[in-house]
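Coordinates in review
The primary structure of each chain is shown beneath.
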Amino acid sequence: MKGHFGLLAVVGLACAATGAGAATAALPGADQIVSRKLANGLEVVVWPDHDIPNVAMYTWYRVGSRNERPGITGISHYFEHMMFNGTKTRAPGEFDRVMEANGGRNNAYTSADVTVYQNWFPSSATELIFDLESDRMRNLDFDPKVVESERGVVYSERRSGVDDDNFGTLAEQMQATAYVAHPYQIPTIGWPSDIEGWKAEDLEAYYEQYYAPNNAVMFIVGDVQPEAVFSLAEKYLGRLEPQPAPAPVTTKEPPQLGERRIRILRDAQTPLLAMAWHAGSAPERQTRVMEVLLSILGDGDSSRLHRRLVENEQAAVQVGTSLDQGFDPGLAWVYAIVPPGGDVARTERLVDEEIARIAKEGPTAAELAKARNQALAGFWRGLATISGKAQALGTYQVFHGDYRKLFDAPAVYETITAEDVRQAAATVMRPENRTTGVLESPPAQAATKAAGGGR
């Protein structure tokens, strides 16, 4: 979202080498997808869908906090704001006003890996939206007053989402601890001193380097004709000059050789426990296996951790799991919200027991079937809308290298076995591969609260 930061919410689907033809045929309209690369390097992918007279346009830029460095952290997310705040030909706010006046709406999000701009509009406004996107891709204005205004907005988001939020604080500190070399250690929102310190030349250089047609992919799904879309792309975007390719991120995180632990002391009505293991990157089959494993552990009321920690032991009021999926190996997360006055060490011990059990015995047939069915249901549900199709195309074209691999997803989930899941638990979710974080009130404060003396 505009002003949203954090882990990219992508369609966690699968990648395989065969079977695309049959899978594509099973999805009406998928055989109509057409892609083209303009001379300036911009990729355009079109999926016609004439069910409703609307269009979803998602423009993916291959830039996120992974591309930043100390001194300019948070600058990718900052540009998510600036791209709505005026060009050399349009005043701040005009992008939104023009789009809304023509029946459209928009949003955007930033992650460690990408920045994505989303437009939804009636098909009759397609040419106008191309004009708007072309303008802000290369004509962004850096009015000093707007720059400072948006700096304040971003800093406010940091305060509300991290500094004044216990879970945001814990997650940020864990990310910075889990990675010692790779830029995934950088928070997408940026460090406070860097937000305060960006200079105009930093902004202009970053924009010039990353907001270029050869660093972007555009996905258009909806009531359009591909050739008409390509004609508009050539007219409005084909004339933009490409820029030298950004330097690749080559740093690899070295293997973790032992558990890392952090403890944060701050006012907390409910203690928090989180664990994060180094896992894989988006295209890997192992990442599909980790999706299934984490679903069995923490997805829904019938998951192992919910039944054990919340229902049976009352050691948590909420548990959950998540999985980073980007260009480089990310983290697999398990978290628990501990009851007020609860024993965090006991909660951690119960989580360890459940992980050890699945690493030794694997999942039951029923658990495996349920997790695979949930993955497949999510796949088909995601492709039911033009927005979901645009997001899925983007995920596969950008992270997996080819949108066609999207259609092999169902077959790959079907190949995941109980032994695959067991091995993932045993090899990935090892203590020495883990960063563990606890956030709780200082001991004296916690004792006062337990005695009923808190505010």
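Criteria and cut-off values
Residue numbers restart at each chain and count upward from 1, following the sequence in its written direction. In keeping with the model being predicted, local features are shown solely for residues with a pLDDT of at least 70 and side-chain atom pairs are shown and tallied solely at 80 or more, while totals for entire chains, interfaces and linings include all residues. Working from all heavy atoms in the structure, the side-chain values ignore hydrogens and water. Put simply, DSSP H or I for four residues or longer makes a helix, DSSP E for two residues or longer makes a strand, and each gets a number counted from the N terminus. We compute the radius of gyration from the C-alpha atoms alone; for a globule the expected value is 2.2 Å times N to the 0.38, where N is the number of residues. In this scheme, a residue with accessible area under 20% of its type's maximum is buried, one over 50% is exposed, and one in between is partly exposed, where area comes from a 1.4 Å probe on protein chains only. Between two residues, a contact is recorded if the distance between any of their heavy atoms is within 4.5 Å. Working definition of accessibility: Shrake-Rupley area with a 1.4 Å probe, residue cover restricted to the visible protein chains. To estimate how far a helix should extend, the number of its residues minus one is multiplied by 1.5 Å. Between N or O atoms, a polar contact is any pair within 3.5 Å; within protein, one atom must be a potential hydrogen donor and the other a potential acceptor, and residues adjacent in sequence are included only when both atoms are from side chains. Whether two aromatic rings pair depends on their centres lying within 6.5 Å, for rings of Phe, Tyr and Trp, where Trp uses its six-membered ring; planes under 30 degrees apart make the pair stacked, over 60 edge-to-face, and the rest tilted. Both a distance and an angle decide whether a charge sits over a ring: NZ of Lys or CZ of Arg must be within 6 Å of the ring centre and within 35 degrees of the ring normal. Note on geometry: axes are lines fitted to C-alpha atoms, helical ones only across the stretch in contact, with angles between N-to-C directions running from 0 to 180 degrees. Orientation is classified from the angle alone, with under 35 degrees giving roughly parallel, over 145 giving roughly antiparallel, 65 to 115 giving roughly perpendicular, and any other angle giving oblique. Under the scheme applied here, ten amino acids are nonpolar (Ala, Val, Leu, Ile, Met, Phe, Trp, Tyr, Cys and Pro), four are charged (Asp, Glu, Lys and Arg), and all others, including Gly, are polar. We treat two strands as partners when DSSP finds at least two bridges between them. The predictor reports its confidence for every residue as pLDDT, a score running from 0 up to 100. Only four residue types enter the tally: Lys and Arg on the positive side, Asp and Glu on the negative side; His and the chain ends are excluded. We define a salt bridge as a contact between a side-chain nitrogen of Lys or Arg and a carboxyl oxygen of Asp or Glu at a distance within 4 Å.

Of regular secondary structure, the protein chain possesses 17 helices and 11 strands. Relative to the compact-globule value of 23 Å for 455 residues, the protein chain shows a C-alpha radius of gyration of 23 Å, a close match. Seen through its principal axes, the protein chain has C-alpha atoms that stretch 65 × 55 × 40 Å. The buried share of the protein chain, taken over its 455 residues, is 55%. In the protein chain, of all internal contacts separated by at least 6 residues, the share reaching a separation of at least 24 is 83%. Summed over its atoms, the accessible surface of the protein chain is roughly 18600 Å², and 52% of this surface lies on carbon and sulfur atoms.

A separate point is helix α5 (residues 144-163). For α5, built from 20 residues, the straight-helix expectation of 28 Å at 1.5 Å per residue is met to within 8% by its first-to-last C-alpha distance of 26 Å. Residues of α5 that are buried sit in contact with α2 (75-82), α6 (166-178), α7 (192-197) and α8 (200-210). Capping the start of α5 is the job of one residue whose side-chain oxygen sits 2.9 Å from the backbone nitrogen of Lys-145: Asp-143.

Another aspect to go through is the packing of aromatic side chains. In the structure shown here, the tally under the stated rule is 22 aromatic pairs. Look at Trp-47 and Phe-407: their rings are 6.0 Å apart centre to centre, the planes differ by 75 degrees, and that puts the pair in the edge-to-face class. In this pair, Trp-47 is assigned in strand β2 (residues 43-48) and Phe-407 in the loop between α14 (386-399) and α15 (409-415), connecting sequence segments 360 residues apart. In terms of burial, Trp-47 and Phe-407 fall into one category: buried. Measuring from centroid to centroid gives 6.0 Å for Phe-79 and Tyr-207, while their planes differ by 15 degrees, and the two rings are stacked. Taken as a pair, Phe-79 in helix α2 and Tyr-207 in helix α8 lie far apart in primary sequence, 128 residues in all. In this structure, Phe-79 and Tyr-207 share a single accessibility class: buried. Ring pairs connect the aromatic residues Tyr-61, Tyr-78, Phe-79, Phe-84, Phe-95, Tyr-117, Phe-142, Trp-198, Tyr-206, Tyr-207, Tyr-210 and Tyr-211, which therefore count as one cluster. Here Arg-105 stacks its cationic end above the ring of Trp-120, 4.3 Å away from the centre of that ring. When the ring centre of Tyr-207 is taken as reference, the NZ or CZ atom of Arg-138 above it lies at 5.7 Å.

Following both chains from N to C, one finds α2 and α8 inclined at 85 degrees, their axes separated by 11 Å at the closest point. In terms of axis orientation, α2 runs roughly perpendicular to α8. The segment α2 lies against α8, with Ile-75, Ser-76, Tyr-78 and Phe-79 engaging Asp-202, Leu-203, Tyr-206 and Tyr-207. Partitioned by chemical class, the residues of the contact of α2 with α8 number six nonpolar, one polar and one charged.

As a further point, take the pairing of strand β4 (residues 105-110). On any regular strand, side chains alternate: one points to one face of the sheet, the next to the other face. Here β4 runs beside strand β5 (residues 115-122); their pairing, made up of six bridges, is antiparallel. Looking at the pairing, Thr-110 lines up with Thr-115 of β5. Between β4 and the antiparallel strand that follows it, β5, lie four residues.

Right, let's talk about the sheet that holds strand β8 (residues 272-278) for a bit. Taken in spatial order, the five strands make up an open sheet running β7-β11-β8-β10-β9, and their pairing is mixed. Only two strands of the sheet have a single neighbouring strand rather than two, namely β7 (260-265) and β9 (318-323). Ignoring strand direction, the axes of neighbouring strands in this sheet form an average angle of 15 degrees. Of the strand pairs in this sheet, β8 and strand β11 (residues 434-440) are connected by six bridges, and their pairing is antiparallel. Bridge assignment links Leu-272 to a residue of β11, and that residue is Leu-439.

Let us look at helix α12 (residues 344-361). With 18 residues, α12 ought to run about 26 Å at 1.5 Å a step, and its terminal C-alpha atoms sit 26 Å apart, in line with that. Buried within α12 we find Val-344, Thr-347, Glu-348, Leu-350, Val-351, Glu-354, Ile-355, Ile-358 and Ala-359. A positive phi of about 75 degrees marks Gly-362, the residue just after α12.

Detailed reading of predicted coordinates is not advised where the pLDDT is low. Scored by pLDDT, the protein chain comes out at a mean of 92, with 92% of its residues at no less than 70. The low-confidence segment residues 3-25, where pLDDT is below 50, has 70 contacts with residues more than four positions distant or belonging to other chains.

Turning next to the sheet that holds strand β6 (residues 216-222). Reading across from one edge, β1-β2-β6-β3-β5-β4 is the order of the six strands in this open sheet, with mixed pairing throughout. One side of each edge strand has no neighbouring strand; the edge strands of this open sheet are β1 (34-37) and β4. Pairwise comparison of adjacent strand axes, ignoring direction, gives a mean angle of 15 degrees for this sheet. Helix α4 (residues 126-138) rests against β3 (54-61), β5 and β6 of the sheet, and its axis sits at about 155 degrees to β5.

Another aspect to go through is the side chain of Arg-372. Its place among the elements puts Arg-372 in helix α13 (residues 365-382). No salt bridge is formed by the buried Arg-372; the nearest opposite charge belongs to Glu-414, separated by 4.2 Å. For Arg-372, the side chain forms a polar contact with the main-chain oxygen of Ile-416, separated by 2.8 Å.

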